[in-house]
Amino acid sequence: MSGKIVLLASATSLLALAAPAFAQAPTAADVAKAQARAAATVKAMKPEEKTILTKGIMPLPLFPNAPKPPADAVAGAGYIPGIARLGVPALKESDASLGVAYVMGLRKDGSTAMPSGVAQAATWNPEILYKGGATIGAEARAKGFNVLLAGGVNLTRDPRNGRTFEYLSEDPLLSGTLVGEAIRGIQSNGIISTIKHWALNGQETGRKFVDIRIAEPAARESDILAFQLGIERGQPLSVMCAYNKVNGDQACASDWLLNKVLKKDLGWKGFVMSDWGAVPGVEAAINGLDQQSGAELDKGVFFTDVLAAKAKADPKWAARVDDMNQRILTAIYAAGLDKNDAKPGGAIDYDAHAKVAEEAAKQAIVLLKNSGNVLPLAKNAKRIAVIGGYANSGVLSGGGSSQTNPVGGPKAAIPLGGDGPWAAFSAQHYHGTAPLTAIQAQAKNAEVTYRDGSIIADAVDQAKKSDVAIVFATKWSTEGQDHADFSLPNGQDALIAAVTAANPRTIVVLETGNPVAMPWLGSAAAVLEAWFGGMRGGDAIASVLFGETNPSGHLPITFPASADQLPRQKVDGYWDFEPNFMGDPPTPDTKVTADYNIEGSDVGYRWFARKGQKALFPFGYGLSYTSFEQGGLNVKGLTASFTVKNTGQKAGATVAQLYLTKRGGEAKQRLVGFARVELAAGEAKPVSVTIDPRLLADWTPKGWVVKAGDYSFALGEDAERLGQSVTVKMPAKLVKD
Ligand code: BGC
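By the naming in an unreviewed UniProt entry, the protein chain is Beta-glucosidase, taken from Novosphingobium umbonatum. Under the UniProt heading Sequence similarities (unreviewed entry), the note attached to the protein chain is "Belongs to the glycosyl hydrolase 3 family."

In structure tokens form, the structure reads like this:
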């Protein structure tokens, strides 16, 4: 029995991370010091310098009349000039959710492509997120970027959201913890990271005008809590506000979201940048927006002359402009950009970085089904039929601004139409090692055949002749577009049904960014959810198939049995107008409202628990090639302890989950702690959790109210399979934000 595992329930508890090979990320104390320096610089600024840092451009040749980017700009999402007289460096921004983004190949380089966000979250491993962030940050620095548009933490309120792949999970504790670590990792490179998109950006359909209706307590206990935990843990120096409206106001011009919640209540000191094309007008500044990003995408450039004129005429605006500069400079100084700026041309150890991507991909794969222990496969299998999913090329990746491709670009790009750079934006990219190659490398002497699956009879014939058939099924997801339903596209369900009927030893490998329906589930011997696995996704899949890696991923989102189980049967606005990436309303009076008060703060599994519904696969679910037992639960104050044991024959890892199940005798389910625990065969480890009291509380305008009374907690293998439970009395408690 080895050392005790400390669970990650509190924003202050730290995992015993393997020592990072990077500097320390800025702390709250560093931010406080930077604030004082920023104040001095603001004092020294001339009036005409005060709108330099408040407006950004896209340094990309995307528009016919786009001016030539400044000489020191790096092709990426954004550029804000510096102020040389005051030693303030330019801000060079790249998207970086899953790697330094590809920007449609315009930068002519590649970068390490990590598994998608939801895949990384399936590891439930903060260390993986930290290392991923640290790796992406190092690469960004070497490419000359100093601001990363990363930290996507919008909760999966709708599992059809096109950006589910880019975000993390449906739970505030899991998402907040993981995003905080990713941000710490990025910022350990002396660069700024965002957390985004603040807030309630839960769908892509009509994203620039959908109005999210939600009561404050529900918002505070769900989406805002995820941000809050992420901000506390990661100290992001920037927040990117969202496209959508919240309770009638554009998120990037919402006094409530920006001034009241973020800056006043959470006491956050960094700067708010807008999303690209999300600024309705100059008033956004008074409502708390500090920087207009990619201003050419807005209806006007508001944060230069228009803002300066306001500041000249009105002391209230002048003070606001000073505060905008103060906040941007605080971030610059806290990250140390002026002392040690990023420069293009730095050395990048792509092999070492690929190993980080591979480790993440291995830990992310979720084993959903394994009948009769068909997996792991024997390496001496004679004949293996690999079918479909471009498995001879690479693994699928998600589309939109986060699109990342390794050096050399995608292995296959399936065009979906469009013109110029936008065509590159709407192509499905397969990249990294081909699963077919990785499978052949595992089973060196096997005859491995490949069929693309377009002719079902031929695929069936191959499956019949083989010891085992492995069908790869893909469903592309992209920013700007939600899914209509949970079906696999292009007849893949029919292909899988035919192959599973032909060979009972058929394994289905899913490469998806969202949950999918599995009408063939009963006849598939095994199913793996491999997500969008990044540049080493193919190797990771083969490693799990042949048992070199014991699967340990657990679902960070619920896979519903049908859309009828969701709070909304369709994504609001879906079918009502044609989706387009720019997201502008087809006519100015087009309105879409999404009522999040239906589920309130009961997002995902909490909604399923409230309704007593059984998911296809619940939140937290994941099988292994070994077996585990959890027990000995004891809760004292806000500390829970228990033991996890590997009861099988193989070393493996599981994710211990602790749920609140009842409050004051009433059913209420919330994840309050978790830990990924690695165990040798037969090994047991004690685990302890510090429960963040906010997870037990109701948010009220006075603070987080924990009522005195009985609280029941249960250990869970997932959100539905709950084991030992205990009930304890908690005293009343009021926690301020
Ligand atoms: C996305 C952001 C991204 C920005 C810059 C927007 O369309 O919503 O997440 O950072 O573009 O590329």
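There is more to say after this.
Contacts to the ligand come from 13 residues, most closely from Asp-95, Arg-163, His-197, Asp-275 and Glu-479. Between the ligand and the protein, one listed contact pairs an oxygen atom with a side-chain N or O atom of Lys-196 at 3.0 Å. The separation between an oxygen atom of the ligand and a polar side-chain atom of Arg-207 is 3.5 Å. Alone, the ligand offers 310 Å² of accessible surface; in the complex the protein occludes 94% of this. A breakdown of the residues in the shell around the ligand according to their chemical character gives five nonpolar, two polar and six charged.

Let us look at the pattern of salt bridges. Counting across every chain of the model gives 48 salt bridges. Across the pair Arg-85 and Glu-49 runs a salt bridge whose closest N-O atoms are separated by 2.8 Å. Here the residue Arg-85 occupies a position in the loop between strand E2 (78-80) and strand E3 (91-95), and Glu-49 occupies one in the loop between helix H1 (28-44) and E2, the gap between them amounting to 36 residues. Judged by relative accessible area, which is 47%, Arg-85 ranks as partly exposed.

Attention now moves to the sheet that holds strand E15 (residues 427-431). In a beta sheet, neighbouring strands are held together by backbone hydrogen bonds and run either parallel or antiparallel to one another. Strand order in the open sheet made by the three strands is E13-E15-E14, with antiparallel pairing throughout. The strands lining the two open edges of the sheet, one partner per strand, are strand E13 (395-396) and strand E14 (412-415). The sheet contact formed by E14 and E15 spans four bridges and is antiparallel. In the strand pairing of E15, Ala-412 is matched with Tyr-430.

One way to put it is that helix H3 (residues 126-142) packs onto helix H4 (residues 172-187) with a least axis distance of 6 Å and a crossing angle of 30°. Relative to H4, the element H3 is oriented roughly parallel. Every pair of crossing elements has a handedness; the one defined by H3 and H4 is right-handed. Two secondary-structure elements touch here, H3 through Pro-126, Leu-129, Tyr-130, Gly-133, Ala-134 and Gly-137 and H4 through Thr-177, Leu-178, Glu-181, Ala-182, Arg-184, Gly-185 and Ile-186. Taken together, the residues of the contact of H3 with H4 break down into seven nonpolar, four polar and two charged.

Turning to the UniProt feature "domain: Fibronectin type III-like" (unreviewed entry) in the protein chain, a few remarks are in order. If you check UniProt for "domain: Fibronectin type III-like" (unreviewed entry), the listed places come out as residues 654-719 in our numbering. Annotation note: span residues 654-719, helix share 0%, strand share 70%, distance between end C-alpha atoms 14 Å.

Another point: the packing of helix H11 (residues 350-364) against helix H16 (residues 537-545). Where H11 contacts H16, the axes come no closer than 8 Å and their chain directions differ by 45°. Relative to H16, the element H11 is oriented oblique. H11 and H16 meet at a crossing whose hand is right-handed. In this structure, H11 contributes Glu-358, Ala-361 and Lys-362 to the contact, and H16 contributes Gly-537, Asp-539, Ala-540, Ser-543 and Val-544. Here the residues of the contact of H11 with H16 sort into three nonpolar, two polar and three charged.

About the thresholds
- Residues numbered from 1 in each chain as written.
- Predicted model: local features only at pLDDT ≥ 70, side-chain atom pairs only at ≥ 80, totals over all residues.
- Heavy atoms only, no water.
- UniProt positions renumbered as here; feature names shortened; annotations may be inferred.
- Near = heavy atom within 4 Å.
- Polar contact = N/O pair within 3.5 Å; in protein donor to acceptor, adjacent residues only side chain to side chain.
- Areas by Shrake-Rupley, 256 points an atom, 1.4 Å probe, with all protein chains shown as cover.
- Nonpolar A, V, L, I, M, F, W, Y, C, P; charged D, E, K, R; others polar.
- Salt bridge = Lys/Arg side-chain N within 4 Å of Asp/Glu carboxyl O.
- Helix = DSSP H or I, 4+ residues; strand = E, 2+ residues; numbered from the N terminus.
- Buried < 20%, exposed > 50% of the residue type's maximum accessible area, 1.4 Å probe, protein only.
- Pairing = 2+ DSSP bridges.
- Axes fitted to C-alpha atoms, helices over the stretch in contact; angles between N-to-C directions.
- Parallel < 35°, antiparallel > 145°, perpendicular 65-115°, else oblique.
- Left-handed = near helix turned anticlockwise from the far one by under 90°.
- Contact = heavy atoms within 4.5 Å.

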